[in-house]
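Listed below are the residues making up each chain.
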Amino acid sequence: MRQKIVAGNWKMNKTLDDALALASELVGMVNDEVRGDVRIILCTPFPYLVPVIRLVGSHPLISVGAQNCSEHEWGAYTGETSAPMLASLKAHYVILGHSERRQYFDEDGKLLAAKVDAVLKHGLTPIFCCGEQLEVRDKGEHEDLVRRQIEEGLFHLDADAIKKIVIAYEPVWAIGTGKTASAHQAQDMHAVIRLHLATKYGKPTAEEISILYGGSVNADNAKELFSGKDVDGGLVGGASLKSREFTEIVKSIL
Ligand code: PGA
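If you're wondering where the values come from, they're calculated on a predicted model, not measured in any experiment.

What follows is about the packing of helix H1 (residues 16-33) against helix H12 (residues 243-252). Between H1 and H12, the least distance of the axes is 9 Å, while the angle of their chain directions is 40 degrees. Relative to H12, H1 is oriented oblique. For the pair H1 and H12, the crossing hand works out as right-handed. Residues Leu22, Glu25, Leu26, Met29 and Glu33 of H1 lie in contact with H12, whose contacting residues are Ser243, Arg244, Phe246, Thr247, Glu248 and Lys251. Taken together, the residues of the contact of H1 with H12 break down into four nonpolar, two polar and five charged.

In sheet architecture, strand pairing relies on hydrogen bonds along the backbone and comes in two forms, parallel and antiparallel. The parallel closed barrel is built from eight strands, whose spatial order is E1-E2-E3-E4-E5-E6-E7-E8. Going from strand to strand, the sheet's axes swing by 25 degrees on average, the running direction of each strand aside. Here strand E2 (residues 39-43) runs beside strand E3 (residues 62-66); their pairing, made up of four bridges, is parallel. Opposite Leu42, over in E3, you have Val64 as the bridge partner. Sheet strands touched by helix H9 (residues 183-201): strand E5 (125-130), strand E6 (166-169) and strand E7 (211-214). Its angle to E7, the strand with the most contacts, is close to 145 degrees.

Given a rise of 1.5 Å per residue, 19 residues ought to cover 27 Å, and the 26 Å separating the end C-alpha atoms of H9 matches this to within 8%. Buried residues of H9: Ala183, Ala186, Gln187, Met189, His190, Val192, Ile193, Arg194, His196, Leu197, Ala198 and Tyr201, and no others. Residue Gly202 follows H9 closely and has a positive phi angle near 95 degrees.

The local shell around the ligand holds 13 residues, among which Lys11, His98, Glu170, Gly176 and Ser216 are the closest. Within the side chain of His98, one N or O atom sits 2.6 Å away from an oxygen atom of the ligand. For the ligand, an oxygen atom lies 2.6 Å from a polar atom in the side chain of Glu170. Protein coverage of the free-state accessible area of the ligand, which is 280 Å², stands at 95%. Here the shell around the ligand is built from residues that sort into four nonpolar, seven polar and two charged.

Running from N to C, H1 and helix H2 (residues 49-56) point in directions that differ by 25 degrees, and their axes come no closer than 10 Å. By the criterion of interaxial angle, the relationship of H1 to H2 is roughly parallel. Judged by the twist between their axes, the crossing of H1 over H2 is right-handed. Residues Leu16, Leu20, Ala23, Ser24 and Val27 of H1 touch H2, and the partners they reach there are Pro51, Val52, Leu55 and Val56. Here the residues of the contact of H1 with H2 sort into eight nonpolar, one polar and no charged.

Once that is clear, we can look at H12. Of all 10 residues that make up H12, seven are buried, and the element is covered over most of its length. Along H12, the positions that sit buried rather than exposed are Ser243, Glu245, Phe246, Thr247, Ile249, Val250 and Ser252. On its buried face, H12 is in contact with strand E1 (5-9), H1, E2, helix H11 (222-225) and strand E8 (233-236).

This paragraph deals with the pairing of E7. On E7, burial covers both faces: Ile211 and Tyr213 on one face and Leu212 and Gly214 on the other are all buried. Looking at chain direction, E6 and E7 are connected through three bridges and run parallel. In the sheet register, Tyr169 faces E7, and the bridge partner there is Tyr213. The pairing of E7 with E8 spans two bridges and is parallel. Along E8, the bridge assignment pairs Gly214 with Leu235.

Within the structure shown, the criterion is met by 17 salt bridges. In this structure, Arg147 and Asp144 form a salt bridge, with 3.0 Å as the shortest nitrogen-oxygen distance. Of this pair, Arg147 and Asp144 are both found in helix H7 (residues 142-154), three residues apart, which corresponds to roughly one turn of the helix. For Asp144, a relative accessible area of 45% gives the class partly exposed. With its nearest N and O atoms 2.5 Å apart, the salt bridge here joins Asp230 to Arg194. Residue Asp230 is found in the loop between H11 and E8, and its partner Arg194 is found in helix H9; the two are separated by 36 residues along the sequence. Judged by its relative accessible area of 4%, Asp230 falls in the buried class. Classification of Arg194 as buried rests on a relative accessible area of 4%. One salt-bridge network, held together by shared partners, links Arg2, Arg194, Glu207, Lys229, Asp230 and Asp232.

About the thresholds
- Once a new chain begins, its residue numbering starts again from 1 and follows that chain's sequence as written.
- Given that the model is predicted, a residue must reach a pLDDT of at least 70 before its local features are reported, and side-chain atom pairs must reach 80 or more before they are shown or counted; all residues, however, enter totals for whole chains, interfaces and linings.
- With hydrogens and water stripped out, all remaining heavy atoms of the structure feed into the side-chain values.
- Working convention: axes come from line fits to C-alpha atoms, limited for helices to the stretch in contact. Angles between N-to-C directions cover 0 to 180 degrees.
- In this text, helices come from DSSP runs of H or I with a minimum length of four residues, and strands from runs of E with a minimum of two, each type numbered from the N-terminal end.
- In this scheme, roughly parallel covers angles under 35 degrees and roughly antiparallel covers those over 145, while 65 to 115 is roughly perpendicular and the rest are oblique.
- Definitions for this section: a left-handed crossing has its near helix turned counterclockwise from the far helix by less than a right angle. A right-handed crossing has that turn clockwise.
- Pairs of residues are marked as contacts when any of their non-hydrogen atoms sit within 4.5 Å.
- Residues are sorted three ways: Asp, Glu, Lys and Arg are charged, Ala, Val, Leu, Ile, Met, Phe, Trp, Tyr, Cys and Pro are nonpolar, and all the rest, Gly among them, are polar.
- At least two bridges found by DSSP between two strands is the condition for calling them paired.
- Each helix should span, by expectation, one fewer than its residue count multiplied by 1.5 Å.
- The rule is simple: take the accessible area with a 1.4 Å probe, protein chains only, and divide by the maximum for that residue type; under 20% is buried, over 50% is exposed, in between is partly exposed.
- Nearness is defined per residue: one heavy atom within 4 Å of the molecule or strand is enough.
- Identification of polar contacts relies on pairs of N or O atoms within 3.5 Å, with a donor-acceptor requirement for protein atoms, meaning one able to donate a hydrogen and the other able to accept it, and with residues adjacent in sequence counted only if both atoms are side-chain atoms.
- Here the Shrake-Rupley method, with its probe set to 1.4 Å, supplies the accessible areas, and only the displayed protein chains count as covering residues.
- Note on definitions: salt bridges are taken to be side-chain nitrogens of Lys or Arg within 4 Å of carboxyl oxygens of Asp or Glu.

Now the structure itself:
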């Protein structure tokens, strides 16, 4: 059985006090209400990783992750944060290749492949994002683009390494816009991604990889979006900033 995952991407939001309040409300709600096999991941801004990791402790369901990291390990890279640093904090996940990083920070496939390697080398799990812009979908090229993003970022890995990856399909036109893909569109793309993984690594390996949907997931649409057989959970932005709503999203995968 593939791991079900609901990950919150807090992006660049919240003061420290507000971040800790959110994390502690979430821990309380998860303890009271969430029964079952789901991995909940809180991807916080860098400065809040240590306090949130301390607050969450060794929770059986909740882990903490970063939203990016450097492809380099150490050295003169002012302002950067590396995978060995994150590992030393006991962060367990790192979002890589989010469309905001691809778009605003020019992250391309080659760079992301190097980041994936750095993250895996230090025992963290990449949450590797892919997804098309609206113009690309309108031209009918979304499947090709997403296959290419997966190839560029991940296909240098061997079968053991690819099994350690979590993939998030996030159509760019659905991120932060209130527009979601339909459950049908999400399932179709997840199936395309899984088939592409199967072509390269074989079906049994592809069947083990969790593929999350992201893009305006909320408490009202999560159950339907997560209903596709290849949809193993979600990567949630805006709705992860509200403890009640995020908890409802988590419950909808169970
Ligand atoms: P959203 O963001 O849920 O606010 O659309 C999702 C994401 O960017 O990961």
